[in-house]
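Per-entry structural report
Chain by chain, the residues run as shown.
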Amino acid sequence: MGKTARILDGGRNDGISTVRTREIAEPILREHGWDVDVLRLAEIDIAPCIGCFGCWIKTPGECVIDDAGRDVARRIVQSDLVVYMTPVLFGGYAPDLKKALDRSIPIILPFFRRVKGEVHHVKRYTRYPRLVGIGVLPDRNDEEGEIFETLVRRNAINMHAPAVESTVFSATDSDETIVRRIEWALSEVIGR
Amino acid sequence: MSESSGHFLLLAGSPKPIEKSGSAARGNAVIEGLEERGWTSEAVHLHTAIRSKTGTDEMVNAVDRADVIALAAPLYVDSLPAPTLRALERIAAHCREREHEHSTRFVSILVCGFVEPSQNGTCQRLLEQFAARARLEWVGSISLGGGGGNGFGARRIREALKLLVEAIDEEILLSPYVDDLIGKPTLPKWLYVFGGNAMWKKAAKANGVADRLRAKPYQRPKG
């Protein structure tokens, strides 16, 4: 069975597009022997997390809301690599990607433990996917780029990713720059 | 009451109703402090507002009425809840386009479920970018760990919120002394881990699922 890469595409039809980003990333992954599954999150009806913690203390491991959010969480766990592909909003993710991630907390346990001195949640599963974040800035903004990269690394700690890398570029960057950045970020993680 | 009293808008960023939200409760404490100084106020529940055009229009109208805006929100996966982000995106777009006769100031109150307030740091930076993109004047941020205190460190949190009221009313930046008050965990980490884990087990037991707490419904099939 091949390795599965799941692209969580937070691009939207009315804003910054991630189409070009996906067109670059998908062939790179396939050339390296990965099966690629793309989730176009703007086209999937997912209710937002309601912060009830039911996924931890009522229906452990599964969100209490029975919609496509459950399927996204399942697909994340059953991946070898997850790629967050998103327009960058204030340094963070676009709302459609964030909504899917908010609904993915059932894949970890409520219990706390200390990780490198900080309190984080305990693993629910033995294995978790590697993580690559690819962000498209609306314009050149070093601070937002740095926040994005920090956010991806913070998520990797909380979601127990065994390897993480991220890259960010502006929608106005040259095609050559964008290709080079995406190739670099993916190779850093799929090469490990 | 200072001469600068004005109109305060609380943007409640939790999915929970304002009256049940821990982060909104901190925002309400700021409202009380400001009203004692002659301010008027209103609150908008962002998750409700962003669901309809009417709600969104009312939200941006409230933004236009405000002299100071505060976002009070829980930390979700190192950032804000998705609908809160969507609302802020809409507000930033609106504020960039408007012709406003005076500057609007912005503060944030972040509450995370980990004991370390520092885990709000990335989200706080994100909110500073929101303020810059929305052309709002950044005043400062109150960053709380441990679910907002849960009774621990209550006196220090009250003091920090008083400093925030002072900063808003007197049009000054939030005092760095706030970090001395609330910058550190309110409980030793080992105790938070021990107590938190016991709390989760008790809650699961009350729901009759204690034996399934570690269930793996999405376990990958072998092979």
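Below is a short write-up of the structure.

Conventions and cut-offs
Residues numbered from 1 in each chain as written. Chains lettered and ligands numbered in written order. Predicted model: local features only at pLDDT ≥ 70, side-chain atom pairs only at ≥ 80, totals over all residues. Helix = DSSP H or I, 4+ residues; strand = E, 2+ residues; numbered from the N terminus. Rg over C-alpha atoms; globule rule 2.2 N^0.38 Å. Buried ≥ 20, exposed ≤ 12 C-beta atoms within 10 Å, placed from the backbone. Contact = placed C-beta atoms within 7 Å. Pairing = 2+ DSSP bridges. Axes fitted to C-alpha atoms, helices over the stretch in contact; angles between N-to-C directions. Arc of directions from axis to C-beta. Right-handed = clockwise from strand over helix to strand, strands pointing away. Expected span 1.5 Å × (residues − 1). Parallel < 35°, antiparallel > 145°, perpendicular 65-115°, else oblique. Left-handed = near helix turned anticlockwise from the far one by under 90°. Nonpolar A, V, L, I, M, F, W, Y, C, P; charged D, E, K, R; others polar.

**Thoughts on the overall build of chain A**
Each helix and strand in chain A was counted, giving six helices and seven strands. Along chain A, from the amino end to the carboxyl end, the secondary structure elements read β-α-β-α-α-β-α-β-β-β-α-β-α. Computed over the C-alpha atoms, the radius of gyration of chain A is 16 Å, within 12% of the 16 Å expected from 2.2 N^0.38 for a compact globule of 192 residues. Every one of the 192 residues in chain A was classed for burial, and the buried ones make up 51%. At a minimum sequence separation of 6, the contacts of chain A that also span at least 24 residues come to 72%.

**Side note on the sheet that holds strand β3 (residues 81-87) of chain A**
All names here are of chain A. Taken in spatial order, the five strands make up an open sheet running β2-β1-β3-β6-β7, and their pairing is parallel. Single-partner strands in this sheet number two, and they are β2 (34-40) and β7 (164-170). When strand polarity is set aside, the average angle formed by the axes of neighbouring strands in this sheet is 15 degrees. Pairing geometry for strand β1 (residues 3-9) and β3, over five bridges, is parallel. Residue pairing for β3: D9 is matched across the bridge by M85.

**A closer look at helix α3 (residues 68-77) of chain A**
Residue and element names in this part refer to chain A. Within the sequence span of α3, burial applies to G69, R70, V72, A73, I76 and V77. All buried residues of α3 project into a common sector of 160 degrees when viewed along the axis, lining one side. On its buried face, α3 sits against β1, β2, β3 and α4 (95-102).

**Regarding the interface of chain B and chain A**
Across the contact, 44 residues belong to chain B and 44 residues belong to chain A. Broken down by secondary-structure element, the contributors of at least two residues to the side of chain B that touches chain A are α4 (82-97), α5 (121-133) and α8 (189-206) of chain B. Among the elements that take part in the side of chain B that touches chain A, α8(B) stands out by supplying eight residues, more than any other.

**Looking at the pairing of β1(A)**
Residues and elements named next belong to chain A. Among the seven residues in β1, five count as buried, and that is most of the element. Taken together, the seven bridges between β1 and β2 define a ladder with parallel strand orientation. Among the inter-strand pairings, I7 is bridged to a residue of β2, identified as V38. In terms of handedness, the path from β1 via helix α1 (residues 19-31) over to β2 forms a crossover that is right-handed.

**What to know about α8(B)**
Because the α-helix completes a turn every 3.6 residues, residues three or four places apart line up on one side. Compared with an ideal rise of 1.5 Å per residue, which puts 18 residues at 26 Å, α8(B) spans 26 Å between its outermost C-alpha atoms and is within 8% of the ideal. Every buried residue belonging to α8(B) is among Y192(B), G196(B) and A204(B), and all of these are buried. The buried residues of α8(B) occupy an angular sector of 90 degrees when projected down its axis, which confines them to one face. Summarising the geometry of α8(B), the exposed residues directed more than 90 degrees from the buried face are W190(B), L191(B), A198(B), K202(B) and A206(B). Taken together, the buried residues of α8(B) touch α2 (54-57), β4 (108-115) and β5 (118-123) of chain A. Phi turns positive one or two residues past the end of α8(B), at G208(B), with a value near 75 degrees.

**Things to note about the environment of L213(B)**
Structurally, L213(B) is set in the segment after α8. The exposure class assigned to L213(B) is buried, which follows from the 20 C-beta atoms found within 10 Å. For the pair formed by L213(B) and W200(B), sequence separation is 13 residues and the distance between their alpha carbons is 9.0 Å. Filtering out sequence-adjacent residues up to four positions away, L213(B) remains in contact with P60(A) and A204(B).

**Focus: unusual backbone geometry**
Residue and element names in this part refer to chain A. Although it is not a glycine, F53 sits at a positive phi angle of roughly 65 degrees. For F53, the position within the fold is in the loop between β2 and α2. Classification of F53 by C-beta neighbours within 10 Å gives partly exposed; the count is 16. In this structure, K116 takes a positive phi of about 50 degrees despite not being glycine.

**Overview of the environment of V88(A)**
Residues and elements named next belong to chain A. Tracing the chain through its elements places V88 in the loop between β3 and α4. Placed 77 residues apart in sequence, V88 and G11 show a C-alpha to C-alpha distance of 9.6 Å. Among residues more than four places away in sequence, those in contact with V88 are G135, V136, L137, E144, F148 and V168.

**With respect to the packing of α1(A) against helix α6 (residues 175-190) of chain A**
All names here are of chain A. Contact pair α1 / α6: the axes reach a minimum separation of 10 Å and the direction vectors enclose 45 degrees. Classified by the angle their axes make, α1 and α6 are oblique. In this structure, α1 meets α6 at a crossing whose hand is right-handed. Residues R20, T21, I24, A25, I28 and L29 of α1 lie in contact with α6, whose contacting residues are I178, V179, I182, E183 and L186. When the residues that make up the contact of α1 with α6 are grouped by side-chain class, the tally is eight nonpolar, one polar and two charged.

**A word on the packing of α4(A) against α4(B)**
Close contact between α4(A) and α4(B) brings their axes to 8 Å; oriented N to C, the two are set at 165 degrees. Comparing their axes, α4(B) and α4(A) come out roughly antiparallel. The chirality of how α4(A) crosses α4(B) is right-handed. Together, P95(A), K98(A), K99(A) and D102(A) of α4(A) and A82(B), L85(B), R86(B) and E89(B) of α4(B) make up the contact between the two elements. Class assignment for the residues of the contact of α4(A) with α4(B) results in three nonpolar, no polar and five charged.

Limitation: the analysis is restricted to geometry and does not speak to function.
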